[in-house]
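Topology and contacts: notes
As a plain string of letters, each chain reads:
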Amino acid sequence: MTDFNPSTEDFAALLEESFVQNDLYEGAVVKGTVVAIEKDLAVIDVGLKVEGRVPLKEFGAKGRDGEMGVGTEVEVYLERVENALGEAVLSREKARREESWVRLEVAFEANEKVNGQIFNQVKGGFTVDLDGAVAFLPRSQVDIRPVRDVTPLMHTPQPFQILKMDKRRGNIVVSRRVVLEETRAEQRSELVQSLEEGHTVEGVVKNITDYGAFVDLGGIDGLLHVTDIAWRRINHPSEVLTIGQTVKVQIIRVNQETHRISLGMKQLETDPWDGIEAKYPIEAKFTGRVTNITDYGAFVELEPGIEGLIHVSEMSWTKKNVHPGKIVSTSQEVEVMILEVDPVKRRISLGLKQTLQNPWDAFAEQFPVGTNVEGEVKNKTEFGLFIGLDGDVDGMVHLSDLDWNRPGEQVIEEYKKGDMVKAVVLDVDVDKERISLGIKQLTGDPMETGAGGELRKNSVVTCEVTEIKDGGLDVKIADSDLTAFIRRADLSRDREEQRPERYSVGDKFDARITQFDKKTRRVTVSIKALEIAEEKEAVAQYGSSDSGASLGDILGAALKQQSDD
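It should be emphasised that the depicted structure is a prediction, and the values quoted were computed from it without experimental measurement.

1. Considering the overall build of the chain
If you tally the helices and strands in the chain, you get 9 helices and 30 strands. Burial status across the chain gives 36% buried among its 565 residues. Considering only contacts in the chain between residues 6 or more positions apart, those separated by 24 or more positions represent 56%. When the accessible surface of the chain is split by element, carbon and sulfur atoms take 47% of a total near 33,500 Å².

2. Observations concerning the pattern of salt bridges
This structure, assessed with the given rule, holds 17 salt bridges. Between K206 and D221 there is a salt bridge, with its nearest N and O atoms 3.4 Å apart. Of this pair, K206 sits in strand β11 (residues 200-208) while D221 sits in strand β13 (residues 221-225), and the two are 15 residues apart along the sequence. The class of D221 is buried, set by a relative accessible area of 16%. The shortest N-O distance in the salt bridge between E433 and K320 comes to 3.5 Å. On the criterion of sequence distance, the pair formed by E433 in the loop between β24 (420-429) and β25 (434-438) and K320 in the loop between β18 (306-311) and β19 (333-342) is long-range, its members being 113 residues apart. With relative accessibility at 43%, the residue K320 sits in the partly exposed group.

3. As for unusual backbone geometry
A positive phi is found at N321, a non-glycine position, where the angle reads about 55°. Residue placement: N321 occurs in the loop between β18 and β19. A positive phi angle, near 55°, is found at E433, a position not held by glycine. Of the residues examined, E433 reaches a relative accessible area of 22% and is grouped as partly exposed.

4. Examining the sheet that holds strand β26 (residues 460-469)
With antiparallel pairing, 5 strands are arranged side by side in an open sheet as β28-β27-β26-β29-β30. Looking at which strands have only one partner, the edges of the open sheet turn out to be β28 (483-487) and β30 (522-526). Geometrically, the sheet is characterised by an average inter-axis angle of 50° between neighbouring strands, direction not taken into account.

5. Let's talk about helix α6 (residues 359-366)
Within α6, burial applies to P359, W360 and F363. Each buried residue of α6 lies within a common arc of 100° when the element is viewed along its axis, so the set occupies one face. As for α6, its buried residues are in contact with β21 (372-381), β22 (384-389), β23 (393-398), β24 and β25. In this structure N358 caps α6, since a side-chain oxygen of it lies 2.9 Å from the backbone nitrogen of W360.

6. Some remarks on the side chain of S459
Mapped onto the fold, S459 is located in the loop between β25 and β26. At 2.9 Å, the side chain of S459 and the backbone oxygen of R456 are in polar contact. Look past the residues within four positions of S459 in its chain and what remains in contact with it is A511, R512 and I513.

7. Concerning the packing of aromatic side chains
Aromatic rings in a pair are described by how distant their centres are and how their planes are angled relative to each other. Applying the stated rule across the entire model yields 6 aromatic pairs. With a centroid separation of 6.4 Å and an interplanar angle of 85°, the aromatic rings of Y211 and F214 are classed as edge-to-face. Classification of F214 as partly exposed rests on a relative accessible area of 25%. Pairing Y296 with F299 gives two aromatic rings, centres 6.4 Å apart and planes at 85°, and the pair type is edge-to-face. Above the ring of F299, the side-chain terminus of R233 is found at 4.7 Å from the ring centroid.

8. Some thoughts on the environment of I513
By the secondary structure assignment, I513 is in strand β29 (residues 508-517). The spacing of I513 and V461 is 52 residues in sequence and 7.3 Å in space, taken between C-alpha atoms. Once residues lying within four places of it in the same chain are set aside, the contact partners of I513 are L455, R456, K457, N458, S459, V461, T524 and V525.

9. Focus: helix α4 (residues 177-194)
Taking 1.5 Å of rise per residue, 18 residues should cover 26 Å, and α4 covers 25 Å from first to last C-alpha, within 8% of that figure. For α4, every residue scored as buried is listed here: V179, R188, L191 and V192. In the core, the buried residues of α4 are packed alongside β6 (113-122), β9 (158-166), β10 (171-175), β13, β14 (246-255) and β15 (260-264).

10. Observations concerning the sheet that holds β21
Paired through their backbone hydrogen bonds, the strands of a sheet run either parallel or antiparallel. The sheet built from 5 strands closes into a barrel, its strands ordered β21-β22-β23-β25-β24 with mixed pairing. Direction aside, neighbouring strands of the sheet carry axes that sit 50° apart on average. Relative to β25, β24 is paired through 5 bridges, and the arrangement is antiparallel. Paired with D427 across the bridge in β25 is S436.

11. Thoughts on the pairing of β10
In the sheet, β9 pairs with β10 via 5 bridges, with the strands oriented antiparallel. Pairing of D166 across the sheet is with N171, part of β10. In sequence, β9 turns back onto β10 through a hairpin of 4 residues, with G170 there showing a positive phi of about 70°.

12. Overview of the pairing of β28
Burial along β28 is one-sided: A484 and I486 are buried, while T483, F485 and R487, pointing the other way, are not. In sequence, strand β27 (residues 472-477) turns back onto β28 through a hairpin of 5 residues, with D479 there showing a positive phi of about 65°.

What counts as what
Residues numbered from 1 in each chain as written. Predicted model: local features only at pLDDT ≥ 70, side-chain atom pairs only at ≥ 80, totals over all residues. Heavy atoms only, no water. Helix = DSSP H or I, 4+ residues; strand = E, 2+ residues; numbered from the N terminus. Buried < 20%, exposed > 50% of the residue type's maximum accessible area, 1.4 Å probe, protein only. Contact = heavy atoms within 4.5 Å. Areas by Shrake-Rupley, 256 points an atom, 1.4 Å probe, with all protein chains shown as cover. Salt bridge = Lys/Arg side-chain N within 4 Å of Asp/Glu carboxyl O. Pairing = 2+ DSSP bridges. Axes fitted to C-alpha atoms, helices over the stretch in contact; angles between N-to-C directions. Arc of directions from axis to C-beta. Polar contact = N/O pair within 3.5 Å; in protein donor to acceptor, adjacent residues only side chain to side chain. Phe/Tyr/Trp six-rings, centres within 6.5 Å; stacked < 30°, edge-to-face > 60°. Lys NZ or Arg CZ within 6 Å of the ring centre and 35° of its normal. Expected span 1.5 Å × (residues − 1).

These figures come from the coordinates and say nothing about function on their own.
See the structure below:
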């Protein structure tokens, strides 16, 4: 045998080969052969100068059942080429994990599902065994809906979808929910395609909301809207349905794209609106129950599924601008009249006031035109007084009907709310719901009655001063209720005597009527006109001034004749 004396270069090459060998195998899965079985350990040769030992339990069923023997080829993970004991450090468990990572990466890239088992609960979720690799399953990804008890899902093989992988950090995040959603979507699609509008199916009430109920049709939910539960009014679905209840429904609409299904229960019953016009003729009276009250009226159920609306304007003859809730109450039985039926829009207009006597008709019968009435002043407006009358109706006294002589704007200030007044019925318009009253008509027209009825233009009357003004005098005509105003220029023929201050309140004198218009109710009197008329009459009777007699002589003769008479 030849002696081998390695040189320095040989040692360097051997050392380099050793480093290359270490880099090639450590941290990788390698193939080996079982060379011996020592109690619960398998001695494995992986082609190194030393063997390694691996517990039989890491080989799973093979190791437990004694199937492992000398000569069996296995794959193990090489952690270290040689430890302090001079053995290779091997692991079957880590080899399985590495193999799993390789398979999982392929599945992740291909967006394929992988199988695993939930085996432990941790903060925020669960851990899943993916054939050696441990993944994290967030609680939100366990199911489509929150799951309170996960026990039935533990240690059960099931598919998962990989959401995220980070080999450097050893992190894998999986989802069971994604798998369920995909499966459910496929089932929904198949189920939706099998559903046809108009078909009747059975389902279970799954959830109830304010606007309806969701019904499980065996893998897909349909919406049963509150308006499609029954023909009658339902305020909330819980009045009719309970969660878990089995119901028969009709498929109303199916949207193949969105998979939305609309269901109906009332469609399985006879439509009560069929032949509605014959059942509820116009102007016929029926008794119903108030089901709902709004700002604009009240809904009345005439029969299950048939409701009509009493508009606020048809609720009372006299109560205007009053909320319907102050006239009727929910569940109250009321008699109504059919005003209109629209089978196309499925609407019935009802009237409540039409079942009662029109108070204006009743008033017209009891208080014909010309009748005296008495009532309370309800309101004052710029155009008159409103008087409350029998039958809860109001009548109006226009400004022009307050007084014969004075302006209405002045007279109305003498009245206040709550005053009891008497008036005369002037007109009753039943259609327009108006009653016209007059206060001045309680007394006769001073231009038509008493001495006023005999007065004419150019009549000579006795006047009494009632007020002295800068522009003239306010006077009252004797033996009548007529008043007049004498202008300063009409106080005398003589300009120097045209002074209102010459008179005092209560003074009486004669004057001549220069205007008497019954239409405009204007009466004008003049002292000057009377003086001129008397002068003309004296001249005509006792001679003219051209005969040589002075005007004073003529007037003197006339006055003497009057005194002699």
